[in-house]
Amino acid sequence: MNIGFDNKKYLRMQSEHIKERIAQFDNKLYLEFGGKLFDDYHASRVLPGFEPDSKLQMLLQLKEQAEIVIVISAEDIEENKIREDYGITYDEDVLRLIDEFQNVGLYVGSVCITKFAGQTSAELFQQRLKSMGIQSYRHYKIPGYPSDVERIVSDEGYGKNEYIETEKPLVVITAPGPGSGKMATCLSQLYHEHKRGIYAGYAKFETFPIWNIPLNHPVNLAYEAATADLNDVNMIDPFHLEAYGETTVNYNRDIEIFPVVDTMFQLISGENPYKSPTDMGVNMAGNCISDDEVCRKASQQEIIRRYYKALCEQKKKGHSKDDLYKLELLMKKAGVTANDRKVVNVALGVEEDTGNNPVVAIELNDGTIVTGKTSDLLGASAAALLNAIKQLAGIAKNVNLVSPKAIEPIQRLKTDYLGSRNPRLHTDEILIALSASAATDNQARAAMEQLPELKGCEAHSTVLLSSVDEQIFKKLGIYLTCEPKYQEANRKYHKK
């Protein structure tokens, strides 16, 4: 995989920049942490070389100075909002995050429940936190938020919120997902700190959009594609342009809310240290792009993948949370079409040659493309996976890594005892069979050792895959897309 991002430089620059920002205030900075902290796979896809846990590693360099406050909206608790990538509710994710932070030695000071208005489920969650020995606080819904600034920045607004007791100079405000109230929590704390005579600061850490690369750079367009369900739009920051004569990129929500934030700062402390939304940010990612062309190509592929994802969601559910028209427009802006995804063309071509039987194509990191077709023994995805690791291990195509005699008992187990109508092995089943063969077969062992080399490879299926196959590709780090169609034309629901 070609590298386009200097991760070591990023960790160094980012931690130093945050230290400088802390020093600008009374050694107290509330840092709103946007995006995913542990598993930022979007960033690693569009900035090849960016490690998914880079932001976590950066925080670990500051762990002696930092503590974490996790924010969750009472409304999200009440509605049982789900974090889709983990399939758990936001309140469960708060507990997961606490464990994750503590496992790596980061101090979690407390949990703040925002938008509290007496929701029973929020009260029960707070009791649960107390039983676990976790300190929690309530921040209330403020009438007229965010437009009634006079009321918000008063004892009837932020003043009613419980003051979050913190110990460290850097307070990282994070949440299970967007809309949790991170910024409001930061500003509320500034109000309380100022009343206590402490000149605390606020900063925002969002990786995207990257402020110091062009507005229509594919990396920034890929961010719009990733947030097509939120209607986020990248924009030139007009406040920064007016203040400094410098063109920078931000997104619509921060730009729209800045006049309100500006007024709040002035009411809280008498002045706003920032002249623009860009000023509030501390993101150094744009300074660490080492190969612009690599990042452009990676981002173009990400936009195409987002487009296919929306097409498949529409096929499965009858609708898509993402705006398909917007994704098509973003592809045009990025100068690509679905045909610019090599594995798509190869997979569809082989499908046509084989009488429209399902095909999966995998592009290896050296550019080689291998395919797999549905057979009596294997599904197309399982076949493609075997062919890919055989290619990487230098094993001939006609070699059976798993004996048909070993596959047949698994098929009987599936159909005769587990009630499956599909006897073909899925990717998880063929990998288990391969691992058993590897115990006695050197070629099977050599092939299995190639699995890590599939990370970052592109793949395309000519039909929708089962959730099991999708998850295996995801765990292997393969970037998968599918045609929005079922293997059987009259099927309405995809079974395993």
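Note that this is a predicted model, so its numbers are computed, not measured. (Residues numbered from 1 in each chain as written. Predicted model: local features only at pLDDT ≥ 70, side-chain atom pairs only at ≥ 80, totals over all residues. Heavy atoms only, no water.)

### Quick notes on the nonpolar core
Step number 1: Counting residues in each nonpolar core, the largest one holds 102 residues, and the members touching the most others are Ile-18, Leu-47, Phe-101 and Leu-170.
Step number 2: Considering each element in turn, this core owes the most residues, 7 residues, to helix α13 (residues 292-317).
Step number 3: With near-sequence residues (within four places) excluded, Ile-18 lies in contact with Leu-29, Leu-31, Met-58, Leu-62, Leu-170 and Val-282.
Step number 4: Counting 38 residues, the second-largest nonpolar core is a separate cluster that includes Val-360, Ile-362, Ala-459 and Leu-464. (Core = buried A, V, L, I, M, F, W, Y, C linked by side-chain atoms within 4.5 Å. Buried < 20%, exposed > 50% of the residue type's maximum accessible area, 1.4 Å probe, protein only. Helix = DSSP H or I, 4+ residues; strand = E, 2+ residues; numbered from the N terminus. Contact = heavy atoms within 4.5 Å.)

### Concerning the sheet that holds strand β1 (residues 29-33)
Step number 1: Taken in spatial order, the 6 strands of this open sheet run β6-β5-β2-β7-β1-β8, and their pairing is parallel. This sheet does not close on itself; its edge strands, each paired only once, are β6 (136-140) and β8 (201-205). For this sheet, the mean inter-axis angle between neighbouring strands, taken without regard to orientation, is 25°.
Step number 2: Pairing analysis gives 5 bridges linking strand β2 (residues 66-73) to strand β7 (residues 170-174), with the strands arranged parallel. Across the sheet, Val-69 pairs through a bridge with Ile-173, a residue of β7.
Step number 3: Of the strands in this sheet, β1, β2, β5 (107-116), β6, β7 and β8 are in contact with helix α8 (residues 182-195), which crosses β1 at around 175°. (Pairing = 2+ DSSP bridges. Axes fitted to C-alpha atoms, helices over the stretch in contact; angles between N-to-C directions.)

### Re the sheet that holds strand β12 (residues 369-373)
Step number 1: Within the open sheet, the 4 strands sit side by side as β12-β11-β13-β14. Their pairing is mixed. Two strands lie at the open edges of the sheet, namely β12 and β14 (479-482), each paired on one side alone. Neighbour to neighbour, the strand axes of the sheet diverge by 15° on average, direction disregarded.
Step number 2: Two elements, strand β11 (residues 359-363) and β12, share 5 bridges in a ladder whose sense is antiparallel. Residue pairing across strands places Ala-361 opposite Thr-371, the latter belonging to β12.

### So, the pairing of β14
Step number 1: In the sheet, strand β13 (residues 458-461) pairs with β14 via 4 bridges, with the strands oriented parallel. Note on β14: the bridge partner recorded for Ser-461 is Cys-482.
Step number 2: Once the chain exits β13 it traverses helix α20 (residues 467-475) before rejoining the sheet at β14, and the crossover so formed is right-handed. (Right-handed = clockwise from strand over helix to strand, strands pointing away.)

### Some thoughts on the packing of aromatic side chains
Step number 1: Under the counting rule described, the total for this entry stands at 13 aromatic pairs.
Step number 2: Judged by centre distance (5.0 Å) and plane angle (55°), the ring pair of Phe-239 and Phe-258 falls under tilted. With a gap of 19 residues between them, Phe-239 in helix α10 (residues 238-244) and Phe-258 in helix α11 (residues 252-269) connect regions that are remote in the sequence.
Step number 3: The partly exposed category is assigned to Phe-239, whose relative accessible area is 25%.
Step number 4: With 6.1 Å between their ring centres and 65° between their planes, Tyr-307 and Tyr-308 make a pair best called edge-to-face. (Phe/Tyr/Trp six-rings, centres within 6.5 Å; stacked < 30°, edge-to-face > 60°.)

### Overview of the pairing of β1
The side chains of a regular strand alternate between both faces of the sheet.
Step number 1: Among the 5 residues that make up β1, 5 are buried, leaving the element largely enclosed by the rest of the structure.
Step number 2: Judged by which residues are buried, β1 turns out to be covered on both faces: Leu-29, Leu-31 and Phe-33 on one side and Tyr-30 and Glu-32 on the other are all buried.
Step number 3: The pairing of β1 with β7 spans 4 bridges and is parallel. Paired with Tyr-30 across the bridge in β7 is Val-171.

### Some details on the environment of Lys-28
Step number 1: Locating Lys-28 in the fold gives a position in the loop between α1 (7-23) and β1.
Step number 2: C-alpha of Lys-28 to C-alpha of Val-171: the two residues are 143 residues apart in sequence and 7.6 Å apart in space.
Step number 3: Separated by 2.8 Å, the side chain of Lys-28 and the backbone oxygen of Lys-168 make a polar contact. (Polar contact = N/O pair within 3.5 Å; in protein donor to acceptor, adjacent residues only side chain to side chain.)

### Focus on α13
Step number 1: If you check α13, its first and last C-alpha atoms are 37 Å apart, about what 26 residues at 1.5 Å a residue would give, namely 38 Å.
Step number 2: For α13, the side-chain oxygen to backbone nitrogen distance between the N-cap and Glu-293 is 3.2 Å, and the N-cap itself is Asp-291.
Step number 3: Looking one or two residues past α13, Gly-318 carries a phi angle of roughly 85°, positive in sign. (Expected span 1.5 Å × (residues − 1).)

### Details of the packing of helix α9 (residues 218-226) against helix α14 (residues 324-334)
Step number 1: With their axes 10 Å apart at the nearest point, α9 and α14 run at an angle of 175° to one another. When the interaxial angle is binned, α9 and α14 end up roughly antiparallel. Residues Leu-221, Glu-224 and Ala-225 of α9 form the contact with α14, whose own contacting residues are Lys-326, Leu-327, Leu-330, Lys-333 and Ala-334.
Step number 2: When grouped by side-chain class, the residues that make up the contact of α9 with α14 number 5 nonpolar, no polar and 3 charged. (Parallel < 35°, antiparallel > 145°, perpendicular 65-115°, else oblique. Nonpolar A, V, L, I, M, F, W, Y, C, P; charged D, E, K, R; others polar.)

### Some thoughts on unusual backbone geometry
Step number 1: Residue Pro-146 is bonded to the preceding Tyr-145 through a cis peptide linkage, with omega at 5°.
Step number 2: With respect to the secondary-structure elements, Pro-146 resides in the loop between β6 and α7 (149-152).
Step number 3: Phi at Asn-27 is positive, roughly 55°, even though this residue is not glycine.
Step number 4: Here Asn-27 lies in the loop between α1 and β1.

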